[in-house]
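Examining the three-dimensional arrangement
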Amino acid sequence: MMASDQVAVGPRGVDGVPEPAPVASGAPTAGEPVVISSLVVETAPELAGAVAGELAALPGVEVHERQGHKLVVTIEAASVEASHARASSFIQVAGVTGVNLVYCNFEDEAAAR
Amino acid sequence: MELTRRKFVKTTAVALASAAAAGTMATMAGCAGEPAKGGAQAPAGQGDVTRTVGVCRFCGCGCGVIVEARDGRLVSVTGDPENGSNRGLNCVKGYYLASALYGDDRLTTPLVRDDKATKGAPGGLREATWDEALDLVASKLRETWKADKSRLAFWGSGQQPIVEGYCTAKFWKAGLLSNNIDPNARLCMASAVVGFMNVFQTDEPAGCYADIDEADVFVTWGANMAEAHPMLYSRLTARKLADDRVRHYDLTTLRTRTSASADKVLMFKPGADIAIANAIASYLVENNLYDKAFVADHLQFKQGTENIGNAFEDGYDASETGQSVDAVTSITFEEYAARLAPYTLEYAEEVSGVPAADIQELAEVFADKSRKVLSLWTMGVNQHNRGTWMNHCIYNIHLLTGRYARPGDGAFSLTGQPTACGTAREVGTFSHRLPADLLVAQEPHRRYTEAIWSLPEGYLDAIAKPGFHTVKMFRELSKGNIDFLWSAHNNWAVSLPNLTRFLGRGDKRGVIDAFICVSEVYPTLSTQYADVVLPAAMWVEREGQFGNGERRTAVFEKAVDPPGDARWDLWMLMEVAKRVLAGEQIGGKDAFDVLFGAWYDPEAGAFRGTDREVSRAIWEEYRTFSNPALNEAAAAINESAGLKMEAKQLAPYDLYIDNHGLTWPVREVDGEWLPTLWRFCDGPQADGFDEQGVERYGEHDRAGGVSFYKSAGKRPSVVFRPWEPPAEIPDDEYPFYLCTGRLLEHWHTGSMTRRIAELDRALPEALLDVNPADCERLGVKDGDRVRVTSRYGSCDITVSTTGRTAPPEGIVFAPFFAEETLINLVVQDVYCPLSKEPDYKKTTVSIEKI
Ligand code: SF4
């Protein structure tokens, strides 16, 4: 179990990974509907840094912290579907061993229904 | 979403994931204030947000979730960090939990069919009022009941919430005095249930999900956990990552996603698993590698009826063989060893195709007491013509090596549905059961139930004989011997085997002529055969309870209202019961009032209280079964018949909400209610061990620190079970084995998940996975359409060599979710003679290009 001081909030650089932009390219911009979700992505320990880099390069994806072989990741996308598609694609990144969903906020989508 | 709000939500998202990654509790500060508790409305970050505790609606893992709603709509779903089953983590299907409620074609009004000739196709149903629909259902049920109650039936589910399952069983068994009630759990867990009862005399796993975090070696037997139990598989892979000495052996008949990440795959010929398991047991005994102290302290040995044939014919159960399948006799350890002796490694290789060296390697894994070994299994073992026997064989290995009921060292039967345990098994919706593991055939069990249900003594003697199990029920329906069928929380027209027979294709008219009521949330193939469709509230549109595979009972609170005229299933049941029982008496009192008057006012047509109050009232009655002290008459029977009902104690209702689920038995100790993670394992109750149970009923200081106090003589039974071949063997006419199963995207028959566009796009079609060498022989290639034909029926399907599974030559695989393919038209309805669970894994088929 990780020390609790690692439970932090907000984007944070991960070993060898440049800090991602607050809203990565491809994500919805202000005013557009947005679904925000967070995940714990598990990786082969030696590949955690590389995976973090690859994930952070994906549209709408930010890597916020690394706890050992686990990465704390958010996805911003225009719909639940798009978020799911993005999250499901993580497993194809070399070194990813598991993708766990923690939180999904779809209040914009609900309001539009 | 405004930028400030977006930042705010994201901050919450990161905090929650960060805490979940660390395994610490997160408070959901940010979006809606206080952590979730008991449906309390929390001050909202934006608008009025309510936050409620829930359980995922989809798979058998039973993950906890927190649900937020605003303006009558769900706005977020979070893995519940306080639910011990999943500790804040969900699988990616969690994205769609809310979407499952909002499919375009939700059923929102009752539907009635005027012309039976329209059955079997879309259309033919018209809108009706609740009164018309309920009057019709009740009048047909009453008419059948009065004329011949062997001709009515209820088919339920391992997805029917607990209090509804309890009330349905009570209505059927005590109200109608009928045992013609069975759940779809018969199709997935029945072999596990009979295995538990035969070995331990109690239907429950001793272990829990936390075993996964402590095991050194995983052995999966006929289980594609990576797709069917995603969260638990993620826990398994996390354990492997945490320690590179951890190993995973996968025993399977075809390569799956689970095999792909296993360290070693033992690919065996269909049905040969019993030969492998016996060879392992034989090797352990022969080489003195078993745990002698454990054997001496805890075990007894038996053998049973053998050469039991197969249940091809409708009359199998009543045949001489069918009547003798449950018989066992005691044998000595030496006799058991002698029975195992023919199962040499070489013989097992010959039968199974698995190299003897690999079987020996696995046997040595079990022999090595420096490492903990956890076996996990599901449908490959249960949906097996010898499913009960194979459950036995896995326990045999674990018991011989003293690996049972100890943290990380155990045998864990995974469940297929979110409340297969909590409802189907625990509250008595099987044709042979009463609540809390009690059996209709046992007189003291009937007396005990009568005491709690306030029935006159002897009232339930009318149901001493079990009713129709699932396959029998539908075989009788197809023969025109059922006049009334009600199904709820299932989709039998897609999930049953041998649909060619059961859907009335050919000259079987039963399904057309019978009056069929289907409670549903979406149109399905089953509603196409319904005379009346009752639109149901789903998931968090009402309060409900699930009991998952680790004995964890959890509540999902009501978060939003159902759409249109859709209503709580429990209300439908009460309204039908009220009409059917009108004017009937039990012990000189109004029958409805005796059974349901405590929570339903028949005159007003309304519950006596909120969803919460009603659920609590029903739970408290059900809980009396495991807390006999709450009922004087029951307590006396419990005492005199030595039932030990309190050994499976359940807690007061609200504690399940406050604690985000609790694993039973939940013991009352000095006014506190303490759950049990490791049943029968001695150790501090506060750490999840079964200190209280062992203290009250068992013995301390026995081998392995465990005491099997629920078993006869406190000794579980090691029962020798021989290898016998599958019901059908491939031949020139039907040269392939067809295996069916589930894949990640779609939950069972897809009635919820196929409403979700992305999941449907991800897996739009059921494909037939075929080995490339077989494709060549058949002259087919990827994307070709073929006709698959068995002795039972045929269907058309598209071939794939790059599908989710990679079968060896001679085996093909298809998922069963797609109603347009309807693979179950082809699947045999032969079942395990002990559990009556059908074998979906080895129908022999031919394949031809079309
Ligand atoms: S693993 Fe199963 S119960 Fe858990 S979130 Fe996924 S579908 Fe739901």
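Not measured: the values here are computed from a predicted model.

Observations regarding the site of the ligand
- Residues in contact with the ligand, as listed here, are C56, F58, C59, C61, G62, C63, N90, C91, K93, P230 and M231 of chain B.
- Its residues placed into classes, the shell around the ligand shows eight nonpolar, two polar and one charged.

Observations regarding the packing of aromatic side chains
Residues and elements named next belong to chain B.
- Applying the stated criterion across every chain yields a total of 43 aromatic pairs over all chains.
- Their ring planes at 80° and their centres at 5.4 Å tell us that W155 and F474 sit as a pair that is edge-to-face. Placement of the pair is W155 in strand 6 (residues 152-156) and F474 in helix 19 (residues 470-478), with a sequence separation of 319 residues. Per residue, the accessibility class of W155 equals that of F474, and both read buried.
- Here the aromatic cluster, defined as three or more aromatic residues joined through ring pairs, consists of F154, F171, W172, W486, W568, F592, F596, W599, Y600 and F607.
- In this arrangement the basic side chain of K146 is found over the ring face of W145, its NZ or CZ atom lying 4.7 Å from the centre.
- In this structure, K292 is placed above the aromatic ring of Y290, and the distance from its NZ or CZ to the ring centre is 4.7 Å.

Side note on the state of the cysteines
- Taken as a whole and judged by the stated rule, the model has zero disulfides over all chains.
- The closest cysteine sulfur to the non-disulfide-bonded C832 of chain B is located on C393 of chain B, 12 Å from its own sulfur.

Quick look at the pattern of salt bridges
Residue and element names in this part refer to chain B.
- Going through the model one piece at a time under the given rule, you end up with 68 salt bridges over all chains.
- A salt bridge links R126 to E132; the nearest nitrogen and oxygen atoms lie 2.6 Å apart.
- Classification of E132 by relative accessible area gives partly exposed; the value is 34%.
- In this structure, a network of salt bridges that share partners links the residues D314, K472, R475, E476, K479, R501 and D829.

Brief notes about the sheet that holds strand 16 (residues 515-520) of chain B
All names here are of chain B.
- Here seven strands make up an open sheet; going across it, the order is 5-4-17-16-15-6-7 and the pairing mixed. Looking along the sheet, the strands with just one partner apiece sit at the ends: strand 5 (125-127) and strand 7 (181-183). Taking the axes of each pair of neighbouring strands and ignoring which way they run, one obtains an average angle of 20° across the sheet.
- Across five bridges, the pairing between strand 15 (residues 484-488) and strand 16 is parallel.

Focus on the side chain of T305 of chain B
Residues and elements named next belong to chain B.
- Looking at the secondary structure, you find T305 in the loop between strand 11 (300-304) and helix 11 (320-324).
- In this structure the side chain of T305 is engaged in a polar contact, spanning 2.6 Å, whose partner is the backbone oxygen of S324.
- Residues in contact with T305, not counting those within four places in the same chain, are S324, V325, A327, W389 and R721.

With respect to helix 16 (residues 387-400) of chain B
Residue and element names in this part refer to chain B.
- Given a rise of 1.5 Å per residue, 14 residues ought to cover 20 Å, and the 20 Å separating the end C-alpha atoms of helix 16 matches this to within 8%.
- Within helix 16, 14 of the 14 residues are buried, which leaves it mostly tucked inside the rest of the structure.
- Of the residues trailing helix 16, G402 is marked for its positive phi of about 65°.

Comments concerning the domain arrangement of chain B
- One can read the domain layout of chain B as domain 1 (5-101), domain 2 (111-184 + 421-556 + 563-619), domain 3 (190-418), domain 4 (643-718) and domain 5 (736-849).
- With centres defined by C-alpha atoms, the gap from domain 4 of chain B to domain 5 of chain B works out at 42 Å.

Looking at the UniProt feature "domain: 4Fe-4S Mo/W bis-MGD-type" (unreviewed entry) in chain B
- Mapped onto the present numbering, the UniProt feature "domain: 4Fe-4S Mo/W bis-MGD-type" (unreviewed entry) falls at residues 49-105 of chain B.
- Taken end to end, residues 49-105 of chain B has its terminal C-alpha atoms 27 Å apart, with 0% of it in helix and 37% in strand.

Topic: the packing of helix 9 (residues 273-286) of chain B against helix 14 (residues 356-367) of chain B
Residues and elements named next belong to chain B.
- In contact at an axis separation of 9 Å, helix 9 and helix 14 are set at 55° when each is read in the N-to-C sense. When the axes of helix 9 and helix 14 are compared, the pair comes out oblique. Of the two possible hands of crossing, helix 9 and helix 14 adopt the one that is right-handed. Along the contact surface, helix 9 presents I276, A279, I280, Y283 and L284, while helix 14 presents I359, Q360, L362, A363, E364, F366 and A367.
- Here the contact of helix 9 with helix 14 is built from residues that sort into 10 nonpolar, one polar and one charged.

Quick word on the environment of M574 of chain B
- You can see M574 of chain B is positioned in helix 23 (residues 569-580).
- In contact with M574 of chain B, not counting residues within four places along its chain, are C167, F592, F596, W599, Y600 and F607 of chain B.

Observations regarding the interface of chain B and chain A
- Contact residues are listed per partner, giving 49 residues for chain B and 55 residues for chain A.
- Here chain B meets chain A over a buried area of about 4200 Å², counting both sides, of which 61% is carbon and sulfur.
- Ranking the residues of chain B by area buried against chain A places M1, R6 and Y95 of chain B at the top, with a combined share of 20%.
- Run the count over chain B and chain A and you get five salt bridges.
- Between E107 of chain A and R5 of chain B there is a salt bridge, and its shortest N-O distance comes to 2.7 Å.
- Counting across the chain B and chain A interface gives 18 residue pairs in polar contact (both at pLDDT 80 or more).
- Elements that contribute at least two residues to the side of chain B that touches chain A include exactly helix 1 (3-22), strand 2 (64-70), strand 3 (73-79), helix 7 (230-242) and helix 29 (757-762) of chain B.
- Sort the elements by how many residues they give to the side of chain B that touches chain A and helix 1 of chain B lands first, with 16 residues.
- Among the residues forming the side of chain B that touches chain A, the class breakdown is 27 nonpolar, 14 polar and eight charged.

Considering unusual backbone geometry
Residue and element names in this part refer to chain B.
- Note that the residue after W664, namely P665, is joined by a cis bond; omega there is -5°.
- Within the secondary structure, P665 is located in the loop between strand 24 (662-663) and strand 25 (667-669).
- The phi angle at D437 is positive, at roughly 70°, despite the residue not being glycine.
- Tracing the backbone through its elements, the reader meets D437 in the loop between helix 17 (420-425) and helix 18 (443-452).
- Owing to a relative accessible area of 9%, D437 belongs among the buried residues under this scheme.
- For D701, which is not glycine, the phi torsion reads 60° and is therefore positive.
- Within the fold, D701 resides in the loop between helix 28 (691-697) and strand 27 (717-720).
- Judged by its relative accessible area of 76%, D701 falls in the exposed class.

Some remarks on the sheet that holds strand 19 (residues 552-556) of chain B
Residues and elements named next belong to chain B.
- Read from one edge of the open sheet, three strands run 18-19-24, paired in antiparallel fashion. The sheet is open, and its two borders are formed by strand 18 (544-547) and strand 24, each paired with just one other strand.
- Where strand 19 meets strand 24, two bridges bridge the pair, whose relative direction is antiparallel. Each bridged residue has a counterpart across the sheet, and for T553 the counterpart in strand 24 is L662.

Thoughts on the pairing of strand 13 (residues 373-377) of chain B
Residue and element names in this part refer to chain B.
- Judged by how many residues are buried, strand 13 sits mostly within the fold: five of five residues are covered.
- Residues V373, S375 and W377 of strand 13 are buried on one face, and the alternating residues L374 and L376, pointing to the opposite face, are buried as well.
- Here five bridges tie strand 8 (residues 217-221) to strand 13, and the two strands are oriented parallel to one another. Across the sheet, W221 pairs through a bridge with W377, a residue of strand 13.
- Direction of pairing for strand 13 relative to strand 14 (residues 410-413): parallel, over a ladder of four bridges. Within strand 14, the residue paired with W377 across the bridge is S413.

Some points on the confidence of the model for chain B
All names here are of chain B.
- On average, residues of chain B carry a pLDDT of 92, and 95% of them reach 70 or more.
- Contacts from residues 26-45, a stretch scored under 50 in pLDDT, to residues over four places away or in other chains number 55 contacts.
- Scoring of the predicted complex yields 0.93 for pTM and 0.88 for ipTM.

Each value, and the rule that gives it
- Residues numbered from 1 in each chain as written.
- Chains lettered and ligands numbered in written order.
- Predicted model: local features only at pLDDT ≥ 70, side-chain atom pairs only at ≥ 80, totals over all residues.
- Heavy atoms only, no water.
- Near = heavy atom within 4 Å.
- Nonpolar A, V, L, I, M, F, W, Y, C, P; charged D, E, K, R; others polar.
- Phe/Tyr/Trp six-rings, centres within 6.5 Å; stacked < 30°, edge-to-face > 60°.
- Helix = DSSP H or I, 4+ residues; strand = E, 2+ residues; numbered from the N terminus.
- Buried < 20%, exposed > 50% of the residue type's maximum accessible area, 1.4 Å probe, protein only.
- Lys NZ or Arg CZ within 6 Å of the ring centre and 35° of its normal.
- Disulfide = S-S within 2.5 Å.
- Salt bridge = Lys/Arg side-chain N within 4 Å of Asp/Glu carboxyl O.
- Pairing = 2+ DSSP bridges.
- Axes fitted to C-alpha atoms, helices over the stretch in contact; angles between N-to-C directions.
- Polar contact = N/O pair within 3.5 Å; in protein donor to acceptor, adjacent residues only side chain to side chain.
- Contact = heavy atoms within 4.5 Å.
- Expected span 1.5 Å × (residues − 1).
- Domains from an automatic or database assignment.
- UniProt positions renumbered as here; feature names shortened; annotations may be inferred.
- Parallel < 35°, antiparallel > 145°, perpendicular 65-115°, else oblique.
- Left-handed = near helix turned anticlockwise from the far one by under 90°.
- Buried area = accessible area lost by both parts, 1.4 Å probe.
- pLDDT = per-residue confidence, 0-100.

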